[in-house]
Amino acid sequence: MLRAEGLAAFRGERLVFRDLSFAVAPAGALLLLGPNGSGKSTLLRILAGLGRLEAGVLRWDGEDALADRAAHAGRVAYLGHLDAIKPGLTVTENLRFAAAIARRAIAPALAAVGLETLADLPARLLSAGQRRRLALARLALSPAKLWLLDEPTLGLDAASVERLGGLLASHRAGGGMIVTATHLKLPLADAAELRLA
């Protein structure tokens, strides 16, 4: 279980949030809601171990999650605003490293996001939505229990958002957890909500 207790963070010299507490159980999901600049991305980066926590503690199964950042990195898959796609590689080549680490096949991940027919296409020729789907395919390869998603629907059409819903449901069905920031309705059943002001 992921549990946050009394979290506080600054961005620059501005306090973004304080006294933030929540929990996400296995197979659970948490939607981070709020206007631009309310701290959703900052919170996701902290949960990923990439941002600085000013106060509070983040716990994983009762232990300080950030005490061993390398161990925490193995529990987390983070999808930020940038897709981290190498334009000179094909769709398949972009996924090879993640697939090798996870010891998982690439084809099911491509099928999950509807990119199987573009497997040999150089990534530089992909549309913005296709690049986002490629980033989501990398996520599908991850064995991490906690998925942290920052605006995962950026650039996606309606059919791709529906596919994303299937990917999220499959992760949760296996006991995975999801924390996601969004401005749009996500196909994420029974998700708790945390509003940041």
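Scroll up a little and you will see the structure.
A brief look at the structure comes next. (Residues numbered from 1 in each chain as written. Predicted model: local features only at pLDDT ≥ 70, side-chain atom pairs only at ≥ 80, totals over all residues. Heavy atoms only, no water.)

## Things to note about the overall build of the protein chain
For the record, the criterion: The way it works is that DSSP assigns letters per residue, a run of H or I at least four long becomes a helix, a run of E at least two long becomes a strand, and they are numbered from the N terminus. This radius of gyration counts C-alpha atoms alone. The globule rule is 2.2 Å times how many residues there are, raised to the power 0.38. Here, residues are in contact when the closest pair of their heavy atoms is within 4.5 Å. Areas reported here follow the Shrake-Rupley algorithm with a probe of radius 1.4 Å; residue values treat only the protein chains shown as occluding. In this tally Asp and Glu are treated as negative and Lys and Arg as positive; neither His nor the chain ends contributes. Here the site of a charge means atom NZ of a Lys, CZ of an Arg, CG of an Asp or CD of a Glu.
Counting secondary structure elements, the protein chain contains six helices and nine strands. Computed over its C-alpha atoms, the radius of gyration of the protein chain comes to 17 Å, within 12% of the 16 Å expected for a compact globule of 197 residues. Dimensions along the principal axes, computed over C-alpha positions, put the protein chain at roughly 50 × 30 × 30 Å. Counting contacts in the protein chain only where the partners sit at least 6 residues apart, residues at least 24 apart contribute 68% of the total. Surface exposure of the protein chain reaches about 9600 Å², of which carbon and sulfur atoms provide 54%. Taking the 24 positively charged and 18 negatively charged side chains of the protein chain as two groups, their mean positions are separated by 3 Å.

## Considerations on the pattern of salt bridges
Oppositely charged side chains are able to pair whenever their charged atoms sit close together. To keep things clear, this is the line we draw: A pairing counts as a salt bridge when a side-chain nitrogen of Lys or Arg comes within 4 Å of a carboxyl oxygen of Asp or Glu. Summary of the burial criterion: residues with accessible area below 20% of their type's maximum are buried, those above 50% are exposed, and those between are partly exposed, where the area comes from a 1.4 Å probe applied to protein chains only.
For the structure on display, the rule yields five salt bridges. Two residues, E5 and R59, come together in a salt bridge whose shortest N-O distance is 3.1 Å. One end of the pair, E5, is in strand 1 (residues 2–11); the other, R59, is in strand 4 (residues 55–60), and 54 residues separate them in sequence. Owing to a relative accessible area of 30%, E5 belongs among the partly exposed residues under this scheme. Residue R59 is classed as partly exposed on the basis of its relative accessible area, which comes to 26%. For the salt bridge of E193 with R195, the shortest nitrogen-to-oxygen distance reads 3.7 Å.

## Re the environment of L141
Within the secondary structure layout, L141 lies in helix 5 (residues 128–141). On the accessibility criterion, L141 (2% relative accessible area) is buried.

## Side note on the sheet that holds strand 5 (residues 63–64)
Strand pairing within a sheet occurs via backbone hydrogen bonds; the two strands may be parallel or antiparallel. Here is the rule we go by: Being paired, for any two strands, means DSSP has found at least two bridges between them. Helix axes use the C-alpha atoms of the stretch in contact, all axes being lines fitted to C-alpha atoms, and the angles between their N-to-C directions lie in the range 0 to 180 degrees.
If you walk across this open sheet you meet the four strands as 2-1-4-5, and the pairing is antiparallel. Edge positions in the sheet fall to strand 2 (14–24) and strand 5, since each has one partner strand and no second. Where strand 1 and strand 4 come together, five bridges link them in antiparallel fashion. The partner of L2 across the bridge, within strand 4, is W60. Helix 1 (residues 40–47) rests against strand 1, strand 2 and strand 4 of the sheet, and its axis sits at about 60 degrees to strand 2.

## Section: helix 1
The buried fraction of helix 1 is high, at six of eight residues. Within the sequence span of helix 1, burial applies to K40, T42, L43, L44, I46 and L47.

## Focus: helix 6 (residues 158–173)
Where we set the bar: Working rule for helices: expected span equals 1.5 Å times residues minus one. Note that the arc is defined by the directions from the helix axis to the C-beta atoms.
Across its 16 residues, helix 6 extends 23 Å between first and last C-alpha, which sits within 8% of the 22 Å expected from 1.5 Å per residue. Buried within helix 6 we find S160, V161, L164, G165, L167, L168, H171 and R172. Buried residues along helix 6 cover an arc of 165 degrees about the axis, so they all sit on one side. The exposed set on the far side of helix 6, more than 90 degrees from its buried face, consists of E162, S170 and A173. Lining the buried residues of helix 6 we find strand 3 (29–33), helix 4 (106–112), helix 5, strand 7 (146–150) and strand 8 (177–181).

## Notes on the side chain of H72
Inspection of the secondary structure puts H72 in helix 2 (residues 69–75). Residue classification places H72 among the buried positions, given a relative accessible area of 1%.

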